[in-house]
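Commentary on secondary and tertiary structure
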Amino acid sequence: MVNANFLKKIMVVGEKSVLQQLTQFIDLAVDSTGALKEMLMTEENKKSQLNDKIKFIEKKGDTLCMKVKQHITGGAISSNLMDNLITLVETCDDLLDKSYFVSREFKRVHENKHKFDDLARAILRDGYNVCVKILDNTLIALGEVRILLESRDTKEMLESRAKIEVLEEKVDDLKDNLIDEVYNNADSLPYLIFIHLIELAHKLDDMLDDCEDISDLVQTINISITR
């Protein structure tokens, strides 16, 4: 008869294997987030090329998502953790979906920028500068997510999770300040720019929220497999 402890060890190996695979999502998210930042800072003619790059990354994420889900449902994974692992995979993939959504918004507004007056362009430029700061914090948070996925040290994982929480609070403040600024200038802004900056503020903040959700799920899974 197979020893129960032996079966548990097999399942733990399976679950840790999934967490290790998810670092591929983080690599993709770092690339797409970096490309988003470049879209905001680059010369005019490169924005479309960067949008295509982010689209390609998002498609790679969809393929990876399907592959890891198949691994979870068909492998030696504890049934009581399966739902958490699938949610974790979907949240990692959501980071890439949001990046692609934001890149398309950048591209659409860029293509219509000639329609706006100097004041609207200045407010748009200032708003994008705030978005760059948010993306800088997101890149730091993604580094902490990678530590969480790879670490087996509980203290190190708790420290990374705490750092992500601090970053999320900083981004919340940046988001709120940007939204306040947009509302303060609402009478002078074209409706398109108003909606665009509000939407960006929320979507970029959601990316940091995803990092925090991932850290919570990894923590829950780690507690379960180390009992």
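So, a few notes on the structure that sits alongside this text. (Residues numbered from 1 in each chain as written. Predicted model: local features only at pLDDT ≥ 70, side-chain atom pairs only at ≥ 80, totals over all residues. Heavy atoms only, no water.)

1. Some points on the overall build of the protein chain
- Tallying secondary structure elements over the protein chain gives seven helices and zero strands in all.
- Counting from the amino terminus, the protein chain carries its helices and strands in the arrangement α-α-α-α-α-α-α.
- In the protein chain, buried positions account for 46% of the 227 residues.
- Long-range pairs, those at least 24 residues apart, make up 80% of the contacts in the protein chain with a sequence separation of at least 6.
- Approximately 11,500 Å² of the protein chain is accessible, and the part contributed by carbon and sulfur atoms is 51%. (Helix = DSSP H or I, 4+ residues; strand = E, 2+ residues; numbered from the N terminus. Buried < 20%, exposed > 50% of the residue type's maximum accessible area, 1.4 Å probe, protein only. Contact = heavy atoms within 4.5 Å. Areas by Shrake-Rupley, 256 points an atom, 1.4 Å probe, with all protein chains shown as cover.)

2. Considerations on helix α2 (residues 23-41)
- Between its first and last C-alpha, α2 extends 27 Å over 19 residues, near the 27 Å set by a 1.5 Å rise per residue.
- Those residues of α2 not exposed but buried are T23, F25, I26, L28, A29, S32, T33, A35, L36, M39 and L40. (Expected span 1.5 Å × (residues − 1).)

3. Section: the state of the cysteines
- All told, the structure shown has zero disulfides when counted by the stated rule.
- Counting only cysteine sulfurs, C92 is the nearest neighbor of C65, a cysteine outside any disulfide, at a range of 9.0 Å.
- Given a relative accessible area of 1%, C92 falls into the buried group. (Disulfide = S-S within 2.5 Å.)

4. Concerning the nonpolar core
- Ranked by size, the top nonpolar core spans 66 residues in total, and within it L22, F25, L88, F106 and Y128 carry the most contacts.
- Counting only elements with at least two residues in this core, the list comes to α1 (4-21), α2, α3 (47-74), α4 (79-111), α5 (118-150), α6 (154-184) and α7 (191-225).
- Apart from the residues lying within four places of it in its own chain, the contact partners of F25 are G61, L64, C65, V89, C92, D93 and L96. (Core = buried A, V, L, I, M, F, W, Y, C linked by side-chain atoms within 4.5 Å.)

5. Things to note about the packing of α2 against α5
- Relative to each other, α2 and α5 sit at 170°, their axes nearing to 10 Å. It follows that α2 is roughly antiparallel to α5 by the angle criterion. In this structure, α2 crosses over α5, and the sense of that crossing is left-handed. Between α2 and α5, the residues in contact are T23, I26, D27, A29, V30, T33, G34, L36, K37, L40 and M41 and Y128, C131, V132, L135, D136, T138, L139, L142, V145, R146, L149 and E150, respectively.
- Split into classes, the residues belonging to the contact of α2 with α5 amount to 14 nonpolar, four polar and five charged. (Axes fitted to C-alpha atoms, helices over the stretch in contact; angles between N-to-C directions. Parallel < 35°, antiparallel > 145°, perpendicular 65-115°, else oblique. Left-handed = near helix turned anticlockwise from the far one by under 90°. Nonpolar A, V, L, I, M, F, W, Y, C, P; charged D, E, K, R; others polar.)

6. Looking at the side chain of S215
- Looking at the secondary structure, you find S215 in helix α7.
- The residues touching S215, leaving out its near neighbours within four places in the chain, are L148, R161 and I164.

7. Brief notes about the pattern of salt bridges
- Taken as a whole and judged by the stated rule, the model has 15 salt bridges.
- Where D210 meets K98, a salt bridge forms, and the shortest distance between an N and an O atom there is 3.2 Å. Placement of the pair is D210 in helix α7 and K98 in helix α4, with a sequence separation of 112 residues. For the pair D210 and K98, one class covers both residues: buried.
- Among the ionic pairs, R161 bridges to E165, the shortest N-O distance being 2.9 Å. Of this pair, R161 and E165 both sit in helix α6, four residues apart, roughly one helical turn.
- For R161, a relative accessible area of 16% corresponds to the buried category.
- What you see here is one network of salt bridges that share partners, running through R161, E165, E212 and D216. (Salt bridge = Lys/Arg side-chain N within 4 Å of Asp/Glu carboxyl O.)

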